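So the chains spell out like this:
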Amino acid sequence: MFKLSKEIKDGMKNYKQSLDELLQNKIPQVRFKGVRVPWGIYSHRGGGIYMTRIRIPAGIVSGEQLIALAQASQKFGSGKLHITTRQDIQIHNVKIEDTIKLMEFLSDFDLSSRGGGGNTVRNIMSCAKAGVCPDEVMDTRKYAVALTEYLIQDEKSFQMPRKFKLTFSGCAKDCGGVITNDMGFLAEKGGFRVYVGGGMGARSILGKLLEEHIKPEDLPYCAEAVRNVFLKHGDPKNRHYNRLRFLIEKIGYPEFQKLYREEFKDLKAQKKIVLRDIVAPKYEEINDSIAQNDDANYKEFLKYNVFPQKQKGYSIVELRINRGDLSAQELENLGSLSKEFPNIDFRATQKQNLLICFVRNGGLFKLYTKINGILKDFLYPETLLDIVACKGALTCNLGVCNSPGLSESLEEMIKKEFVGSYAFKKLEVRINGCPNSCGQVPLGKIAFYGLVKRVGNRPVPFYNLLVGGHKAASNTKFGEEIGLIPGRNVPAFLRALFKKMEVALSADINVDEYLEKTGKGLARELLKDYIAVPSYEENKDFYVDWGKTEEFSLTGISQGECGAGVLDIIESDLKDAKEFLEKATLKDLYKALIYSARALLMTKGVDTIVESEIMAQFKEKFVEMGIVAYKFKNIIEFAFSILKEEVSQTDAKAYVQELFDEVSAAYKAMDPTFHFPIRHELKKEAEDKKTEEKKVASHEVLMDLRGVACPINYVKVKIRLETMEKGDKILVYLDQGEPIINVPASLKNDGQDVISITEKDNYFEVLVKKEV
């Protein structure tokens, strides 16, 4: 359904070039991070190996694509894949040199990691059952996919102040979570209700209503307008406070609405946007009854895994994928089912599961038998056993606790004691290894996020317990924080909590109302019995995380890479420039000059390692625009004088130090949209120079030799005059002192006509006519 754009395919060439430069040690790892992260490539915990996150718009993926993903994982990774809560699919343990091979391989199947990470428009989600759900108002698949195609062909979507997440829901049940994303579209008759400014994390916020109703044709204008407001007014420097929800909080919702309305109006006036009209395949309804069999597990399969499809004669099958993890062989075998069951399609869900849609009712037992030979444990999706867990400390740089390890322990307990109970059918558990929200913990009915506390000066894995979250469009609620619990006590606490809740839960009870009125208080009271941590001597288990054998520590934790991008690149170049400045040999000072000049170019869309291009672009975009001092207009000439050792080490260091200071000051003054203030005095100087240049006749030449010492300045003028015709004029800028004393006199001795010498604020203009 999703088609990969030419822009994305062409972008792989630029990625390959940067990767080649990295492998040839032409650019450092920290600089390359700004390139790879927007391509969805993140380092695993500890570094040295990588994960690639593949964008799956609306979660829709064909059998052929599943096979391709599996083969890519076998060829270029370790044969391990992971379904995320944003309906992406991750390939793990990829060598950095193989990332481009993986991209090129998957592009043949309309699959890409572009926008899988970093400050980009992330994967656009939709209800996993879109197009087949009996309750939906509208099939949102085509809108989610077409909007993805439109937004990600635009380079602006990869230069955001922070990640930008969108989602669609087909009805008020709100499977997509429209109020918990940066932007959410809720289907209603004839169009969409639009919400904006939601998000989950360390400070979760519910979104606000932006549009009561928009028509489908206005969808791209609405989405692009919000994106543009965020792009122009978001704060890329403050990584902990730069999501769209914080921008709205900062400027106020009325001001945000005003900016949005203006942007929407401008877009409508400027261009016509028509999304690709995606027509979903249609299937004739059939008279087909559900296949029956006495197999006990098959009966459980029909009870828990099979859902009615709105197309008569077909069913939806949901497979519980433990923690979203699959082997390449498992995924390839699942994808191959499309060869035996024509017309089925697959969907990745926000609960890290897989749906198989358009399964003929009569073929359900055959499908069950095939799946039973592929997966060991796939029964009971959407139950207490269907635990959502991020990768946590297993692979993530930000992971504090090993959430998958805790999940495994809970699954064992639940299987033994709660299968089939009302608690089993109505409750759910979500786990995150840190305060971020990859596991969508604020929406969990029972949820935990990891943190660390010290007990007796030793680190201990803890979790914060949340109760009562759920999705329901404008009635969505985030879970309430109940209190902290040591990780080792979580299974015992939940066992006790489920047993007490089981007494109250019944078939007709509304579980969300129960949790709000009774469940939170029950959990808070019961938690008191499980908060104590024995000393290390009494019980060392409390000091070891679930799924681990070594004592708990934060070894391997580091800054996350979602914010990688322009700022990382700027700071990397400035750091390198400073280091070379401190060494201060002429060779080092030349490198410091290059790094200083290159540091800010990324903000102007320039990323090059060609030194002449770096200096030319810096001169054009920063010197001539009045952002840094006009004296650096001669940066190219001065750089060559350093290379040729025609300038002293003292003068070179003074020049480069001043350049570094100017660039650093400009960076500090940069606004959230990567724009720089033009300093008044620089702007005036730049304008004055342009005026003076205009005064010079077309046959005159301008040479700015300020900052160039004697006798190099004289030599440069002499060489330039030799290329000119007799009668031509040249206007030369010279510094006070030796330059203005020596150069005009030397030129007169050569027989040239020095027409005039004009004193300015801190330099002289010398107009020379060629006579010999």
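Residues numbered from 1 in each chain as written. Predicted model: local features only at pLDDT ≥ 70, side-chain atom pairs only at ≥ 80, totals over all residues. Heavy atoms only, no water.

1. Comments concerning the overall build of the protein
Assigned secondary structure in the protein consists of 24 helices and 23 strands. Its C-alpha atoms give the protein principal-axis dimensions of about 110 × 70 × 50 Å. Among the 772 residues that make up the protein, the fraction classed as buried is 59%. Relative to all contacts within the protein whose residues are 6 or more apart in sequence, the contacts with residues 24 or more apart total 69%. Total accessible area computed for the protein in this model is approximately 32100 Å², and 49% of it derives from carbon and sulfur atoms. (Helix = DSSP H or I, 4+ residues; strand = E, 2+ residues; numbered from the N terminus. Buried < 20%, exposed > 50% of the residue type's maximum accessible area, 1.4 Å probe, protein only. Contact = heavy atoms within 4.5 Å. Areas by Shrake-Rupley, 256 points an atom, 1.4 Å probe, with all protein chains shown as cover.)

2. Digging into the environment of arginine 162
Among the secondary structure elements, arginine 162 is positioned in the loop between α5 (141-152) and β6 (166-169). Arginine 162 sits in the buried class, given a relative accessible area of 14%. C-alpha of arginine 162 to C-alpha of tyrosine 241: the two residues are 79 residues apart in sequence and 9.4 Å apart in space. Polar side-chain contacts of arginine 162 include one of 3.2 Å to the side chain of asparagine 242. (Polar contact = N/O pair within 3.5 Å; in protein donor to acceptor, adjacent residues only side chain to side chain.)

3. Quick word on the packing of helix α1 (residues 6-23) against helix α4 (residues 99-107)
Here α1 crosses α4 at 165°, and the two axes come no closer than 10 Å. With respect to each other, α1 and α4 are oriented roughly antiparallel. Regarding α1 and α4, the two cross each other, and that crossing is left-handed. Where α1 approaches α4, its residues Lys9, Met12, Tyr15, Lys16 and Leu19 are matched on the opposing element by Thr99, Ile100, Met103, Glu104 and Ser107. Its residues placed into classes, the contact of α1 with α4 shows five nonpolar, two polar and three charged. (Axes fitted to C-alpha atoms, helices over the stretch in contact; angles between N-to-C directions. Parallel < 35°, antiparallel > 145°, perpendicular 65-115°, else oblique. Left-handed = near helix turned anticlockwise from the far one by under 90°. Nonpolar A, V, L, I, M, F, W, Y, C, P; charged D, E, K, R; others polar.)

4. Some remarks on empty space enclosed by the protein
To find leftover empty space, a probe the size of one water molecule is rolled over the atoms. Under the definition given, this model contains two cavities of 30 Å³ or more. Taken as a whole, the largest cavity holds about 80 Å³ of empty space. Around the largest cavity, the lining residues are Met1, Phe2, Arg55, Ile56, Pro57, Ile60, Val61, Gln65, Asp110, Leu111 and Val145. Forming the boundary of the second largest cavity are Leu4, Met12, Trp39, Met103, Ser107, Leu111, Ser112 and Ser113. For the lining of the second largest cavity, the residue count by class is five nonpolar, three polar and no charged. (1 Å grid on protein atoms, 1.4 Å probe; cavity = no way out; pocket = protein on both sides within 12 Å on 5 of 7 lines; lining within 4 Å. Points joined across faces, edges and corners; volume = space filled by probe spheres on them.)

5. Side note on the pattern of salt bridges
Within the structure shown, the criterion is met by 46 salt bridges. The shortest N-O distance in the salt bridge between glutamate 224 and arginine 227 comes to 3.6 Å. Of this pair, glutamate 224 and arginine 227 both sit in helix α6 (residues 219-233), three residues apart, which is roughly one turn of the helix. No difference in accessibility class separates glutamate 224 from arginine 227, as the two residues are buried. Salt bridges sharing partners connect three or more residues here, namely Lys477, Glu480, Glu516, Lys520 and Arg524. (Salt bridge = Lys/Arg side-chain N within 4 Å of Asp/Glu carboxyl O.)

6. Re the environment of valine 306
Along the chain, the position of valine 306 falls in strand β10 (residues 306-308). A C-alpha to C-alpha distance of 9.8 Å links valine 306 and valine 359, two positions 53 residues apart in sequence. Every residue in contact with valine 306, bar those within four places of it in the chain, is listed here: Phe301, Ser315, Ile316, Val317 and Leu364.

7. Description of the sheet that holds strand β18 (residues 458-467)
An order of β15-β16-β17-β18-β19 is seen for the five strands of this open sheet, with the pairing classed as mixed. Since the sheet does not close on itself, it has two edges, and those belong to β15 (388-389) and β19 (480-486), each with one partner. Against the sheet, helix α13 (residues 403-417) touches β15, β16 (429-432) and β18, its axis set at about 155° to β16. Each of β18 and β19 touches helix α16 (residues 511-527); the most contacted strand, β19, lies at about 25° to it. (Pairing = 2+ DSSP bridges.)

8. Things to note about the packing of aromatic side chains
Under the definition given, this model contains 35 aromatic pairs. Taking the centre distance of 5.8 Å and the plane angle of 75° together, the rings of phenylalanine 493 and tyrosine 530 count as edge-to-face. Of this pair, phenylalanine 493 sits in helix α15 (residues 490-504) while tyrosine 530 sits in the loop between α16 and α17 (566-583); the two residues are 37 residues apart in sequence, bridging distant segments of the chain. Phenylalanine 493 sits in the buried class, given a relative accessible area of 0%. In this structure tyrosine 530 comes out as buried when scored by relative accessible area, which is 19%. One aromatic cluster is present, formed by Tyr298, Phe301, Phe365, Tyr368 and Phe378 through successive ring pairs. (Phe/Tyr/Trp six-rings, centres within 6.5 Å; stacked < 30°, edge-to-face > 60°.)

9. Some words on the packing of α13 against α15
Close contact between α13 and α15 brings their axes to 10 Å; oriented N to C, the two are set at 35°. Here α13 runs over α15; the crossing is right-handed. Listed contacts from α15 to Leu406, Ser409, Leu410, Met413 and Glu417 of α13 are Val490, Pro491, Leu494, Arg495, Phe498 and Lys499.

10. A short note on helix α12 (residues 364-372)
In an α-helix there are 3.6 residues to a turn, and that puts residues three or four apart on one side. For α12, the set of buried residues is Leu364, Leu367, Tyr368 and Ile371. Projected down its long axis, α12 carries its buried residues within an arc of 100°, all on one side. (Arc of directions from axis to C-beta.)

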